[in-house]
Amino acid sequence: MEKLKQNKIRITIVIIGVIVFAILLAMLHQQKQNSPEAQSSSYASSVKASSASTSIQDQNTEKAYAKKAAKMKGHVLARGTDYAFFTKWSFNEFKAYLDKWAENYAKLGQKAKYSATLDFGTSVATKNSDYDTKPLDSIYDAVKAGQYKDLGYYDTVKDFNKAHSAFDPDDIK
């Protein structure tokens, strides 16, 4: 009977030891999961999956925009990265307009250049400021160098879409 009691005590102690050991192992595992290395790995894989999803969505959107652009007619005048306008001007008319503007701009005195603007017949104007003439000076330089295409004129909506694939053709005004 005495040996039976001792065996029960020993078995109880071993069971309690195994339980304590299991709890310590679980705590160690939890600490590893909460470590910065584990979290950064999890975060990196999440970002990668999100990026892949966004990339696929962007590609699908760009394909849809390309289909729309292929069906649309007209010349496009891009004003920066946020605005695009349909224009009735042919490329030669656009070029003639800029040549005349450049001729007049060159005749302006330095003080008058600070308040000069250019709007290409759109609601968005490029302006010099009271302190800087660079916005219009850069356009003037492009005209003088014959770089008319760099100034945002596109013969077709499809050409515009090739250069600005993330721009929705329906947003062209």
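Everything below is about the structure printed above this text.
A word on the packing of aromatic side chains
Part 1 of the reasoning: Under the definition given, this model contains nine aromatic pairs.
Part 2 of the reasoning: Between Trp89 and Phe94, the ring centres sit 6.3 Å apart and the planes meet at 45°, which makes this aromatic pair tilted.
Part 3 of the reasoning: What makes Phe94 buried here is its relative accessible area of 0%.
Part 4 of the reasoning: Aromatic pair Trp89 and Tyr97: ring centres 4.7 Å apart, planes at 35°, arrangement tilted.
Part 5 of the reasoning: Of the residues examined, Tyr97 reaches a relative accessible area of 29% and is grouped as partly exposed.
Part 6 of the reasoning: Chaining the aromatic ring pairs together yields one cluster made of Trp89, Phe91, Phe94, Tyr97, Tyr148 and Tyr153.

Quick look at the pairing of strand E1 (residues 75-79)
When a strand is regular, its side chains alternate between the sheet's two faces.
Part 1 of the reasoning: The element E1 is extensively covered by neighbouring structure, given that four of its five residues are classed as buried.
Part 2 of the reasoning: Relative to strand E2 (residues 83-87), E1 runs antiparallel, the two being bridged by five bridges. Across the sheet, residue Arg79 finds its bridge partner in E2, namely Tyr83.
Part 3 of the reasoning: Counting the residues that bridge the hairpin from E1 to E2 gives three residues, and of these Gly80 lies at a positive phi of roughly 75°.
Part 4 of the reasoning: Bridge analysis of E1 against strand E5 (residues 153-154) gives two bridges, and the strand direction is antiparallel. If you follow Leu77 over to E5, its bridge partner there is Tyr153.

Examining the pattern of salt bridges
Part 1 of the reasoning: Taken as a whole and assessed by the stated rule, the structure comprises one salt bridge.
Part 2 of the reasoning: A salt bridge links Lys107 to Glu103, with the shortest nitrogen-to-oxygen separation between them at 3.7 Å. Residue Lys107 and its partner Glu103 are located together in helix H3 (residues 91-107), separated by four residues, close to a single helical turn.
Part 3 of the reasoning: Look at Glu103 and you get partly exposed, because its relative accessible area is 44%.

Definitions and limits used
Residues numbered from 1 in each chain as written. Predicted model: local features only at pLDDT ≥ 70, side-chain atom pairs only at ≥ 80, totals over all residues. Heavy atoms only, no water. Phe/Tyr/Trp six-rings, centres within 6.5 Å; stacked < 30°, edge-to-face > 60°. Buried < 20%, exposed > 50% of the residue type's maximum accessible area, 1.4 Å probe, protein only. Helix = DSSP H or I, 4+ residues; strand = E, 2+ residues; numbered from the N terminus. Pairing = 2+ DSSP bridges. Salt bridge = Lys/Arg side-chain N within 4 Å of Asp/Glu carboxyl O.

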